[in-house]
2 protein chains.
Amino acid sequence: MTLAATAPVHAVAVRHLSAAAATRLLGAWQGAGPAYLALADGLRSAVLAGSLTPLTRLPSERDLAGALGVSRTTTSAAYARLRELGFATSHVGSGTVAVLPRGQARSAAPQPPAGDAPLPDLGDEHAVDMSQATPSATDALHGAYARALEALPAYLSGGGYAHLGIEPLRAAIAARYRARGVPTTTDQILVTTGAQQAIALLAGTFVARGDRVLVESPTYVHAVGALRSAGARVVGVPVGDVEAIGSAVRRTGARLVYLIPDFHNPTGRTMTADERHALGRLTARGVTVVGDETLTDLDLDDVGVPAPFAGDGSDPRLVSVGSASKSFWGGLRVGWIRTTPQLVQRMARTRQQLDVATPVLEQLAVADLLARRDEVLPTRLADLRSRRDLLRDLVLARFPSWEVPDPPGGLCLWVGLGRPAGQALAAAAVSEGLRVAPGPQFTPDGSSVDRLRLTWTRPPEVLADAVDRLGRAWDRVAGR
Amino acid sequence: MTLAATAPVHAVAVRHLSAAAATRLLGAWQGAGPAYLALADGLRSAVLAGSLTPLTRLPSERDLAGALGVSRTTTSAAYARLRELGFATSHVGSGTVAVLPRGQARSAAPQPPAGDAPLPDLGDEHAVDMSQATPSATDALHGAYARALEALPAYLSGGGYAHLGIEPLRAAIAARYRARGVPTTTDQILVTTGAQQAIALLAGTFVARGDRVLVESPTYVHAVGALRSAGARVVGVPVGDVEAIGSAVRRTGARLVYLIPDFHNPTGRTMTADERHALGRLTARGVTVVGDETLTDLDLDDVGVPAPFAGDGSDPRLVSVGSASKSFWGGLRVGWIRTTPQLVQRMARTRQQLDVATPVLEQLAVADLLARRDEVLPTRLADLRSRRDLLRDLVLARFPSWEVPDPPGGLCLWVGLGRPAGQALAAAAVSEGLRVAPGPQFTPDGSSVDRLRLTWTRPPEVLADAVDRLGRAWDRVAGR
């Protein structure tokens, strides 16, 4: 089934976009030309960049006009233009619905990338995807699964539901925290189906409808999604500004703060020891601070993470989330939460309503990989390091005007374009068969319009090709 | 860490019980003796039976008195008695908190059973658990994983996130529906992390806060949990009463109906063809009817399921949920939803916020098992059939006064005790080192107090031992 076939003449909307959400999505949409053309172009770019999903019902012309402070004539003309371009359909009684023009999507149903909003399929088997921070599997994975399979028979006579996680894996995770200097017992570990489930569980546990939750801006987009699903009002604070976090906690009465302390996605930043101490003091105000350590192992320059996020392990309001996805492989769906034994028990009950338990074999494989991490990780890190260096060199050479950071770890380059062209560039890149993620995808308020996230997870030849394509797209956006 | 160690002198409550919920939980608690003793006993039984989780804050004495229509002296005395028995602690300012007495839980942290509310640990390695409907793994599982591991390398160069499920598995599931006479294309299948996630996704998709949702009563308890988590007001209708479902849909304006059409959990009942047709007509009223086919393969007497729940596959409001848990093993966490391609896409986006994707290797193993189901299932079914026959014979012989059904498939015997003693018997069984699930665990309103669910998933010698223990418990409850 192609995406085009799911967008019939009278497309049926599967989601709605409010006028307020449209305003956020559009960001700084106005340009030099007629407003209706700029507005149509902003919406078209959003569809192409994936931030506006096909089969979304757009706000009414009247509502959008009100929210944007333009006349209804402008929104009406903009929707007409969108229809003309094939990016919308209208039908009496069902409003205007965003669609992809026929021919824009030709291949199989798209697999929305993880870590980003769904993007339209590139419709080209030679297309390059630099929007996903998903490395291929470690070479050690196959062996780990093989050994896991040898250990599996001990579990086959049982029902197979390990709601807290199997003992050997919980013990291995606890041992890893202890090795990092954080006293941790096995009963402080809850195994989850990936870090995403850990975040969803914490959101469901700590967030009541309408509660404020603080996140860094930019941040991991699906954490924001999980928090919003739990009813949170998500407030962004600038990355690395612990003082701003503190004052936002006081101002908003936030119940939860979600942070990525090590090799932050997407900026690559690592918190200093002082910042961690300052955050540790915040918990005295009753706020729970969650540190997502999914990227902690990806210390490409061996800078050493200053201190484990959980501090000395004594503060029950400092909660750690971890994952095997980046260290070993995303297709292994194993994550964990380090918290108090009481919360482990409580969340184990909640997780029964989500997916009952994490597969046993996956857990055995991750226990094996954790036991061998010192032999497994160096090869992987060397590989990612050389890809990062290559991508950075290519980007610096091809885009001298861009602001290009030098992250010591992680998977992404968060580049500054020097102008609010992230969405437009991502849209233009689609025409070059390249998928990149524009800045607003990573911010709760759709800011960072001048940013782009590039990942270095693909092989060197693909990275080189991708930067070529990005260069052609940039030339078009920059009007050269 | 033992459970006892998590119940300190001044236990900190991790959940609260409202007075209304306490009333439902207690059911018909009043007996011949003093009210306060009966009330204390009802609460103690609830803790022992697991329907009242340790570390739950009980309602205030005043609130509970109001809800039960008794004096505050009665509730106050009942709480005092509970404390005396070691089943509650009180502390100024933090109310009364249910706990397990020290010594009630001696072994490792309990693994709450799936399919039931969490139960206290039996504290005895020789204890028998008949509360879980979780058979051991099929003998074919190890080979399926081995072949899956051979197929895995094709996936290792990618990021490993298959949000819709991997193509071979989706195709195999679609083929199975076609083989059962339901036209189904691959794009109608969403792979989920078990049927539980499928139910949670459907709840999140169809249920808005406050919506009415209908379920059979009794039914699968974690379906009720997932629906309530999504904000549903869950209304029970008697199993097998399609007319009652129809009138409840009209009366409540329910958005969703959740049913177990084949070898229903816990009653074992299978809907007739006529009932399915009648349900099919209900969808014209705009309600979506979900059929959970987790147990469909467990046709122990080869009676033949009358018609697939999805009817002829043409009604988009008839949604099927399936799973590998009962057919092959619960430790394989793979389930699916059969619905429209549009809803598959929409729910694939939602599930990214739950756990991103289902592990690839698990999916390959299930695809292998589905391809071999005709050689794999007969052995498994023969095994389960002989266990069912044994359990039924043992129960009939030991408890001549009970109502013992003769279910043609599934995993459970839903026995009638002839008096409202389900909770008391389950509590007494704990003292005999036996865990069984009392009727109220399976009903949204805590009814079925005269019922017990026994599962036949354990080996024959364990079943015999379990019925002995149950007999001793029954003798005590029946006062002999």
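Remember, it's a predicted structure, so these values are computed and weren't measured experimentally. (Residues numbered from 1 in each chain as written. Chains lettered and ligands numbered in written order. Predicted model: local features only at pLDDT ≥ 70, side-chain atom pairs only at ≥ 80, totals over all residues. Heavy atoms only, no water.)

S.K.: What exactly am I supposed to notice about the relation of the copies chain B and chain A here?
M.R.: For the pair of chain copies, the relating operation is a rotation around an axis with a shift along it. Rotating chain B by 180° and translating it 0.0 Å along the rotation axis places it on chain A, where the RMSD comes to 0.1 Å. Classification of the inter-copy transformation places it as that of a two-fold axis. Both copies share a contact surface, since 100% of the interface residues of chain B are interface residues in chain A too. (Least-squares fit on C-alpha atoms with pLDDT ≥ 70 in both. Contact = heavy atoms within 4.5 Å.)

S.K.: Explain the packing of helix 14 (residues 373-398) of chain B against helix 16 (residues 460-477) of chain B to me, please; I cannot follow it from the model alone.
M.R.: Each pair of packed helices gets described by two things: the angle between the helix axes and the distance between those axes. Residue and element names in this part refer to chain B. Two elements in contact, helix 14 and helix 16, have axes whose closest approach is 10 Å; the angle formed by their N-to-C orientations is 25°. Here helix 14 lies roughly parallel to helix 16, going by the angle between them. Along this stretch, helix 14 crosses helix 16, giving a crossing that reads as right-handed. When helix 14 is examined against helix 16, the residues Arg387, Leu390, Leu391, Leu394, Val395 and Arg398 are found in contact with a partner set consisting of Pro460, Leu463, Ala464, Val467, Gly471, Arg472 and Asp475. (Axes fitted to C-alpha atoms, helices over the stretch in contact; angles between N-to-C directions. Helix = DSSP H or I, 4+ residues; strand = E, 2+ residues; numbered from the N terminus. Parallel < 35°, antiparallel > 145°, perpendicular 65-115°, else oblique. Left-handed = near helix turned anticlockwise from the far one by under 90°.)

S.K.: I tried to follow the interface of chain B and chain A on my own but got confused; where do I start?
M.R.: Listed as interface residues are 71 residues of chain B and, on the opposing side, 71 residues of chain A. Both faces considered, chain B and chain A share a buried interface measuring about 5,900 Å² in area, 61% of it formed by carbon and sulfur atoms. Its largest share of buried area at the contact with chain A, chain B owes to Tyr161, Arg349 and Gln353 of chain B, together 12% of the area lost on that side. Summed over the shared surface of chain B and chain A, the number is 0 salt bridges. Here chain B and chain A share 20 residue pairs in polar contact (both at pLDDT 80 or more) between them. When residues of the side of chain B that touches chain A are traced back to their parent elements, those giving at least two are helix 5 (141-151), helix 6 (153-156), helix 8 (194-206), helix 9 (221-229), helix 12 (341-352) and helix 13 (360-371) of chain B. (Buried area = accessible area lost by both parts, 1.4 Å probe. Salt bridge = Lys/Arg side-chain N within 4 Å of Asp/Glu carboxyl O. Polar contact = N/O pair within 3.5 Å; in protein donor to acceptor, adjacent residues only side chain to side chain.)

S.K.: What should I look at first to understand the sheet that holds strand 8 (residues 233-238) of chain B in this one?
M.R.: Two pairing modes exist for strands in a sheet, parallel and antiparallel, and in both the strands are linked by backbone hydrogen bonds. All names here are of chain B. Strand order across the open sheet formed by 7 strands is 6-12-11-10-9-7-8, with mixed pairing between neighbours. What marks the edges here is a single partner per strand, and that holds for strand 6 (189-192) and strand 8. Looking at each pair of strands side by side, their axes are set apart by 20° on average, direction ignored. In terms of strand pairing, strand 6 meets strand 12 (residues 335-338) through 4 bridges, oriented antiparallel. Note that in strand 12 the partner of Val191 across the bridge is Trp336. The sheet strands contacting helix 7 (residues 167-179) are strand 6, strand 11 (318-323) and strand 12, and the helix crosses strand 6 at an angle near 120°. Relative to strand 7 (residues 212-217), helix 10 (residues 242-252) is tilted by about 160°, and along the sheet it contacts strand 7, strand 8 and strand 9 (256-259). (Pairing = 2+ DSSP bridges.)

S.K.: Where do I start with the nonpolar core in this structure?
M.R.: A general trend in soluble globular proteins is that nonpolar side chains are found buried together. Counting residues in hydrophobic clusters, the biggest one holds 71 residues, and the most contacted among them are Leu227, Val395, Trp402 and Leu454 of chain A. Counting residues per element, this core draws most heavily on helix 8 (residues 194-206) of chain A, which supplies 8 residues. Counting residues in hydrophobic clusters, the runner-up holds 70 residues, among them Met130, Ile337, Val436 and Val467 of chain B. (Core = buried A, V, L, I, M, F, W, Y, C linked by side-chain atoms within 4.5 Å. Buried < 20%, exposed > 50% of the residue type's maximum accessible area, 1.4 Å probe, protein only.)

S.K.: Mind showing me how you'd approach the environment of Arg72 of chain A here?
M.R.: Residues and elements named next belong to chain A. Examined against the element boundaries, Arg72 turns out to sit in helix 4 (residues 72-84). Along the backbone, Arg72 and Ala174 are 102 residues apart, and their C-alpha atoms lie at a distance of 60 Å. Beyond its immediate stretch of four places on either side in the chain, Arg72 contacts Glu61, Arg62 and Ala65.

S.K.: In this structure, what is going on with the side chain of Asp299 of chain B? I would like to understand it.
M.R.: Residues and elements named next belong to chain B. When you line up the elements, Asp299 lands in the loop between strand 10 (288-292) and strand 11. For the buried Asp299, which has no salt bridge, the nearest side chain bearing the opposite charge is Arg388, at an N-O separation of 7.7 Å. Of note is the side chain of Asp299, whose polar atom sits 3.1 Å from the backbone nitrogen of Asp302. At 2.8 Å, the side chain of Asp299 forms a polar contact with the backbone nitrogen of Gly304. If near-sequence neighbours (up to four positions away) are discounted, Asp299 is found in contact with Phe263, Gly304, Val305, Leu381 and Pro408. (Lys, Arg positive; Asp, Glu negative; His and termini not counted.)

S.K.: Where do I start with the domain arrangement of chain A in this structure?
M.R.: Accessible area lost upon the coming together of the parts is a frequently used measure of interface size. In terms of domains, chain A is made up of domain 1 (15-98), domain 2 (128-137 + 375-477) and domain 3 (141-371). Look at where the C-alpha atoms of domain 1 of chain A and domain 3 of chain A centre, and you get two points 38 Å apart. (Domains from an automatic or database assignment.)

S.K.: How should helix 3 (residues 61-68) of chain B be read in this particular structure?
M.R.: One turn of the α-helix equals 3.6 residues, which is why residues spaced by three or four share an orientation. Residue and element names in this part refer to chain B. Restricting attention to buried positions, one finds in helix 3 the residues Glu61, Leu64, Ala65 and Leu68. Angular distribution of buried residues about the axis of helix 3 spans 100°; they occupy a single face of the element. The exposed set on the far side of helix 3, more than 90 degrees from its buried face, consists of Arg62 and Gly66. (Arc of directions from axis to C-beta.)

S.K.: Explain the packing of helix 8 of chain A against helix 12 (residues 341-352) of chain A here, please?
M.R.: Residues and elements named next belong to chain A. Packing of helix 8 against helix 12 brings their axes to within 10 Å, and their N-to-C directions diverge by 105°. By the angle between their directions, the pair helix 8 and helix 12 is classed as roughly perpendicular. Contact with helix 8, carried on its side by Gln197, Leu201, Leu202, Thr205 and Phe206, involves Leu343, Arg346, Met347, Thr350 and Arg351 of helix 12 and no other residues of that element. Taken together, the residues that form the contact of helix 8 with helix 12 break down as 5 nonpolar, 3 polar and 2 charged. (Nonpolar A, V, L, I, M, F, W, Y, C, P; charged D, E, K, R; others polar.)

S.K.: How should I be thinking about the sheet that holds strand 15 (residues 437-438) of chain A in this particular structure?
M.R.: All names here are of chain A. Here we have 3 strands laid out as an open sheet, ordered 13-16-15, and antiparallel in their pairing. In this open sheet, the two edge strands, each paired with only one partner strand, are strand 13 (412-416) and strand 15. Two strands pair when backbone bridges link them, and strand 13 and strand 16 (residues 451-455) are joined in this way by 5 bridges, in the antiparallel orientation. Residue pairing for strand 16: Gly416 is matched across the bridge by Arg451. Contacts from helix 14 (residues 373-398) reach strand 13 and strand 16 within the one sheet, and its direction differs from that of strand 13 by about 15°.

S.K.: I keep staring at the environment of Tyr220 of chain A and nothing clicks. Help me out?
M.R.: All names here are of chain A. Along the chain, Tyr220 turns up in the loop between strand 7 (212-217) and helix 9 (221-229). Owing to a relative accessible area of 13%, Tyr220 belongs among the buried residues under this scheme. Along the backbone, Tyr220 and Gln363 are 143 residues apart, and their C-alpha atoms lie at a distance of 24 Å.

S.K.: I'm lost on unusual backbone geometry in this one. Help?
M.R.: Glycine aside, negative phi is the norm for most residues, and most peptide bonds take the trans geometry. All names here are of chain A. With an omega dihedral of 0°, the bond running from Ser217 to Pro218 counts as a cis peptide bond. Looking at the secondary structure, you find Pro218 in the loop between strand 7 and helix 9. A positive phi angle, close to 50°, is found at Phe263, a residue other than glycine. With respect to the helices and strands, the residue Phe263 is situated in the loop between strand 9 (256-259) and helix 11 (273-282).

S.K.: Looking at this model, I keep getting lost on the pattern of salt bridges. Mind explaining?
M.R.: Close approach of charged atoms allows side chains of opposite charge to pair. Residues and elements named next belong to chain A. For the structure shown, the criterion picks out 44 salt bridges over all chains. Where Glu432 meets Arg476, a salt bridge forms, and the shortest distance between an N and an O atom there is 3.6 Å. Remark: Arg476 occurs in helix 16 (residues 460-477) and Glu432 occurs in the loop between helix 15 (422-431) and strand 14 (434-435); sequence separation between them is 44 residues. The exposure class of Glu432 is buried, given its relative accessible area of 18%. Sharing partners across several salt bridges, the network here consists of Arg147, Asp368 and Arg372.

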